[in-house]
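A closer look at the structure
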Amino acid sequence: MLTRQGIFFVLTVFGLIAINAAWLIPTLRNTRTAASVFSLTVAERIQSEINGSLENALTDAQEAAQEVADERNAGTSFRNLLRHHAIFTSVALVTRSGKELIRIDRSGKVITDQYIDQSRNASLYLALQGTPAFSLPFLSPEGEPHITLTIPIPAAEALFNEVLIAELNVQNLLSIIRSPNIGQGHVYVLDREGTEILQPDLNKILQHRNFSSRPIVTKVLVDAAIADGLAPDDRYINEYGEDTFTVGMPIPVVKWGVFVEQPRSQALASERQTIALAIGTSLLAIIIFLVIARSTIKLQQLTEAQTRLLLENDQSAKMLVRRDMELTGANARLLELDKTKSEFVSVAAHQLRTPLTALRWSYQAMLDGDMGETNEEQKKILRDGLQATLQMITLINDLLNVARIEEGRFGFEFIMQPLEPILAALLPRFEKIAREKSVTIIFQPAPTALPPLFLDAEKIAIVIDNLLDNALKYTAPGGSVTLRVINGKTNIRIEVEDTGIGIPHDQIHRIFNKFFRTTNAMLFQTSGNGLGLYLAKNIVETHGGDMFVESTEGKGSVFSFTLPVGKAS
Ligand code: ADP
């Protein structure tokens, strides 16, 4: 099936052909007519010159023949004839048997008693029937082309016993047919039998070539019609194999024909140029059409692709909106769950704390001997129980703090106050633990006095407590822990440096995550819940500060945090 473009293309091609045909056909006709008119003009001029020349000669020769018949004074008549017509080179009176009774040439010499060369004068017999006849061309001893004209000497009862034979020098006629300027074409003259009498090449004339098989020759010689070269049978392939454009015209007086022959390629050159022009313009038009059609199709395809893309975009946008809504919903559900979880943790922790506290004091009381004496073995069991209970209480406290801070009800109370008392209150406890663990603890206070800070002392105490607790917990005996306070311009920096186990490089980025513990820490120290640092970071950030860590596994860590100076967050 043809597409719309296809139909349009076919219509355009047909349209182009029709338009071209509309101007091409008449133009081609005009071109041929012009070529025909030109050739006919040439033929007509030559025909009239030859016809005129021969007509005079023939009439005068016939008159001379009549005079011979009337007066029997051939010598005088022939001399007059020779004087009047330069075309005759000799005139003779010849008997039926071919014997020359008298011959007179241009010098006036009289030659008699000679037999003529009958091979040259086949026309003798024609003349003896009563018809003037021309012979085929031959060369005179001087090398000039001649033909003979044979005229019967009128006699009573049409019994012709004698003929007048005149030799004609046709050199002059040759000049006539050589004269026109028709490029590669030429003019030739055929006698009534279709044999070549005249043509520009003398050698060819002597070959007596016969062209009677050409239809155009029949038309001119037999029908005595003018051939204008436009009829299909006027066209023939000549002896050189050339396709010709030829016109022909009879020479009535002798019933010969003159033909103007040109190679078709030359005569109708403008015709070919016109056709080439028509084809060229058509092709150009088709190419332009194709280019336009192609661009149109491309454009259409592009537009389609664009529309498709826009549609896809639209669908993607809709999908994104849908996903966004789904995510928002899911997030809301998650927040809801998170809240429920925090509430659960709070409630559970509260519920656990009371019996655990009771348990702690029971262990303590038993260890203190309030319930009677206990032996060493019993004391060890009680100490382990107390230790486990304390760990549970720490966990419960941390869980409660985390839940509170996440729910935004940690109860921060910011007061402008100095930092030193908080440190002073904490240090003795850690010095004691350090001693017990054989770890050196060093305190490096700020070299200059610290400005008061806007902070919640209890919460900051939780942060420092956690950092010192970790440092001591993850440092083996013999190591050291340094607490350093650095007085900066815009903030105070508190650093806790230890020479402990350090943090593996690939885990350091998760160190402040809830419940995260490093693999080496879990091996080194079983107790721990991974909530302390999470809580500490949250507290510091609520104060408008930042928390940092630098560590090398196996060498130690530096945990630090900043607190802004003079800023109420
Ligand atoms: P935990 O109760 O486990 O100490 P934290 O939140 O305080 O919980 O610490 C989280 C984890 O960070 C610890 O389990 C440990 O793996 C690592 N960590 C904290 N402080 C140090 C430190 N000073 N040296 C090495 N690892 C530490």
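What you see is a predicted model, and the numbers here were worked out from it, not measured in a lab.

1. Details of the confidence of the model for the protein
The share of residues in the protein with pLDDT of 70 or more is 96%, and the mean pLDDT across the chain is 87. For the protein, per-element mean pLDDT is lowest for strand E4 (residues 114-115), which scores 62, and highest for strand E18 (residues 547-552), which scores 98.

2. A short note on the environment of asparagine 466
Mapped onto the fold, asparagine 466 is located in helix H11 (residues 457-473). For asparagine 466, a relative accessible area of 13% corresponds to the buried category. Placed 183 residues apart in sequence, asparagine 466 and leucine 283 show a C-alpha to C-alpha distance of 92 Å. Among residues more than four places away in sequence, those in contact with asparagine 466 are Gly532 and Leu533.

3. With respect to the domain arrangement of the protein
Taken domain by domain, the protein holds domain 1 (53-166), domain 2 (173-267), domain 3 (269-406) and domain 4 (415-564). On a C-alpha basis, the centroid separation for the pair domain 2 and domain 4 is 128 Å.

4. Concerning the environment of arginine 4
Locating arginine 4 in the fold gives a position in helix H1 (residues 4-71). The class of arginine 4 is exposed, set by a relative accessible area of 70%. On a C-alpha basis, the gap between arginine 4 and alanine 22 in space is 27 Å, while along the polypeptide they are 18 residues apart.

5. Brief notes about the packing of aromatic side chains
When we look at a pair of aromatic rings, we describe it by the centre distance and by the angle of the planes. Going through the model one piece at a time under the given rule, you end up with 6 aromatic pairs. Ring pairing ties together the aromatic residues Phe410, Phe412, Phe414 and Phe454, which thus form one cluster. Just above the ring of phenylalanine 412 sits the side chain of lysine 459; from NZ or CZ to the centre is 5.5 Å.

6. Quick look at the side chain of serine 90
In this fold, serine 90 is placed in strand E1 (residues 88-95). Given the relative accessible area of 4%, serine 90 is considered buried. Leave out the neighbours within four places in its chain, and serine 90 touches Leu82, Arg103, Ile104, Asp105, Ile165, Ala166 and Glu167.

7. A look at the side chain of asparagine 529
Along the chain, asparagine 529 falls in the loop between helix H12 (519-524) and helix H13 (532-542). Among the polar contacts listed, one links the side chain of asparagine 529 to the backbone nitrogen of leucine 531, at a separation of 2.8 Å. Ignoring sequence-local partners within four residues, the contact set of asparagine 529 consists of Leu395, Asp398, Phe515 and Arg517.

Rules used throughout
Residues numbered from 1 in each chain as written. Predicted model: local features only at pLDDT ≥ 70, side-chain atom pairs only at ≥ 80, totals over all residues. Heavy atoms only, no water. pLDDT = per-residue confidence, 0-100. Helix = DSSP H or I, 4+ residues; strand = E, 2+ residues; numbered from the N terminus. Buried < 20%, exposed > 50% of the residue type's maximum accessible area, 1.4 Å probe, protein only. Contact = heavy atoms within 4.5 Å. Domains from an automatic or database assignment. Phe/Tyr/Trp six-rings, centres within 6.5 Å; stacked < 30°, edge-to-face > 60°. Lys NZ or Arg CZ within 6 Å of the ring centre and 35° of its normal. Polar contact = N/O pair within 3.5 Å; in protein donor to acceptor, adjacent residues only side chain to side chain.

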